[in-house]
Amino acid sequence: MALPNSVKIVEVSPRDGLQNEKAMISTAIKVELINRLSQAGFKNVEATSFVSPKWTPQMADAAEVMAQITRRPGTIYSVLTPNIKGFEAAREARADEVVIFGAASEAFSQKNINCSIAESIDRFEPVAAAALAAGLRLRAALSCAFGCPYQGEVPIADVVMVAKRFAEMGCHEIDIADTIGVGTPTRVREVMQAVTEVVDPSRISGHFHDTYGQSLANILASMEVGISIFHTSVSGLGGCPYAKGATGNVATEDVLFMLNGMGIETGIDFDAVVEIGQWMSAQLNRAGGSRAGNAITAKRHA
Ligand code: HMG
Ligand code: MG
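Parameters and conventions
Residues numbered from 1 in each chain as written. Chains lettered and ligands numbered in written order. Predicted model: local features only at pLDDT ≥ 70, side-chain atom pairs only at ≥ 80, totals over all residues. Heavy atoms only, no water. Helix = DSSP H or I, 4+ residues; strand = E, 2+ residues; numbered from the N terminus. Contact = heavy atoms within 4.5 Å. Patch = residues over 30% accessible without salt bridge, like charges linked within 9 Å, V, L, I, M, F, W, Y side chains within 5 Å. Areas by Shrake-Rupley, 256 points an atom, 1.4 Å probe, with all protein chains shown as cover. Salt bridge = Lys/Arg side-chain N within 4 Å of Asp/Glu carboxyl O. Buried < 20%, exposed > 50% of the residue type's maximum accessible area, 1.4 Å probe, protein only. Donors = N, O, S within 2.8 Å, 3.2 Å for Na, K, Ca; no water. Near = heavy atom within 4 Å. Polar contact = N/O pair within 3.5 Å; in protein donor to acceptor, adjacent residues only side chain to side chain. Pairing = 2+ DSSP bridges. Right-handed = clockwise from strand over helix to strand, strands pointing away.

*Asks:* How would you sum up the overall build of the protein chain? Please name residues and give values.
*Replies:* Along the protein chain, the regular secondary structure elements total 12 helices and eight strands. Along the first, second and third principal axes, the C-alpha atoms of the protein chain reach 55 × 45 × 35 Å. Residue pairs at least 24 apart in sequence account for 74% of intrachain contacts in the protein chain once pairs closer than 6 positions are excluded.

*Asks:* Could you give an account of a nonpolar patch on the surface, naming the residues involved and the relevant values?
*Replies:* A surface patch of nonpolar side chains, amounting to about 200 Å² of accessible area, comprises Leu 3, Leu 220 and Met 262. Secondary-structure assignment places Leu 3 in the segment before β1 (8–11). A relative accessible area of 33% places Leu 3 in the partly exposed class.

*Asks:* Can you lay out the coordination of the magnesium ion (ligand 2) for me, pointing to particular residues and giving the numbers?
*Replies:* At the metal site, the magnesium ion (ligand 2) is ligated by Asp 16 (OD), His 207 (NE2) and His 209 (NE2), and these contacts range over 2.0 to 2.2 Å. Of note, the magnesium ion (ligand 2) draws all its donor residues from one chain, in the sequence arrangement D-x190-H-x1-H. Taken together, the positions of Asp 16 in helix α1 (residues 13–19) and His 209 in the loop between β7 (204–208) and α9 (215–224) put the pair 193 residues apart, joining distant regions of the chain. The residues Asp 16 and His 209 share a single accessibility class, namely buried.

*Asks:* Describe the site of ligand 1, with residues and values.
*Replies:* Near ligand 1 you find 28 residues, and of these Gln 19, Lys 54, Thr 56, Ser 143 and Thr 179 are the closest. The backbone of Ser 52 places a nitrogen or oxygen atom 2.9 Å from an oxygen atom of ligand 1. With respect to ligand 1, the backbone of Gly 86 contributes an N or O atom lying 3.3 Å from a nitrogen atom. Protein chains shield 75% of the accessible area of ligand 1, which is 1,100 Å² for the free molecule.

*Asks:* Give me the pairing of strand β4 (residues 97–103): which residues, what numbers.
*Replies:* Most of β4 is tucked away: seven of the seven residues are buried. Because side chains alternate across β4, one face comprises the buried residues Glu 97, Val 99, Phe 101 and Ala 103, and the other comprises Val 98, Ile 100 and Gly 102, equally buried. Strand direction decides the pairing type here: strand β3 (residues 76–80) and β4, joined by three bridges, are parallel. Considered in β4, the bridge of Val 79 is made with Val 98. On the question of chirality, the crossover connecting β3 to the parallel β4 by way of helix α4 (residues 84–92) is right-handed. Bridge analysis of β4 against strand β5 (residues 137–143) gives seven bridges, and the strand direction is parallel. Counterpart to Ala 103 in the pairing with β5 is Ser 143.

*Asks:* Residues and numbers for unusual backbone geometry, please.
*Replies:* Look at Arg 94: it is not a glycine, yet its phi comes out positive at around 60°. Relative to the elements of secondary structure, Arg 94 occurs in the loop between α4 and β4. Accessibility expressed as a relative area gives 55% for Arg 94, which makes it exposed. Here the phi dihedral of Asn 114 falls at roughly 65°; this positive angle occurs in a residue that is not glycine. Structurally, Asn 114 is set in the loop between α5 (106–113) and α6 (117–133).

Distances and angles like these do not, on their own, reveal function.
Structure follows, in structure tokens:
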């Protein structure tokens, strides 16, 4: 299949990138990160999570973050909502898109949201119905689609089954997530292909954590089977507190460098993103986590 001419990038660093940080990050820095990202041209920024603050303390200021950002017209601000309580808070906060999040692995579902896959579907159905009735965009994340830190192998049929349920709920997009970054291109192609047999590829995205350095190859493999939405995080920040050994999402800078080089449009200002990555890394007192971002920065300083 021909590669896409353009790709939609969902920037997830304010949520996935920061949720795993142990030291509390100020609301002001989170707000600045989101504002810088929207100014750089991202049309979809995953801003925060309306989850239990006992489970993910870093996201406890979700309402404040949403109240303080400067909304750029045309930018979709997404938030995670595990249940109706989260949905109501998200609606109050004027989120544009809510994200329900389930898994293809029973063990991970229990660890992350404290219920079975079947229970999670029952819990998501009223959230999905309420979101659609309110005219909000609805997205679903499907974790452990390529492997699970607790159960290991995850059958493709389990991924397809959950993706189908999400599609039936009316999700505009379904994120096929490599929570622990173990997928390799052949498997990624197989999983994505199987999912596209039940859900139109225009509704599917790839959410790759880069733990084993496979994400760029996996994005290319996904594009080869018709996927054109990907999640990325500046400087490769990220990880899930409930996925043992998970590291950050694929770095936005690296993905943009690859897509720009291939002539695939994103509408995003690469130079601005390199600066955001360096700035955010400095806020966290660490070196930049993007190969492309660090190379460009070194060249600028030379
Ligand atoms: P639970 O303990 O089973 O739920 O947690 P509960 O209903 O018994 O509630 C426990 C307490 O949380 C109660 O407070 C509730 O009010 C409160 P208490 O009475 O004890 O004071 N509560 C909430 N507070 C605020 N907002 C809410 C909310 N819901 C309940 N929405 C629950 C179940 C789902 C709430 C919990 O397990 C949870 O919050 N899990 C989220 C964990 C998380 O944030 N994980 C990371 C995000 S997912 C991810 O990173 C993967 C992804 O990137 C894709 C990939 O890479 O795979 C998306
Ligand atoms: Mg993730």
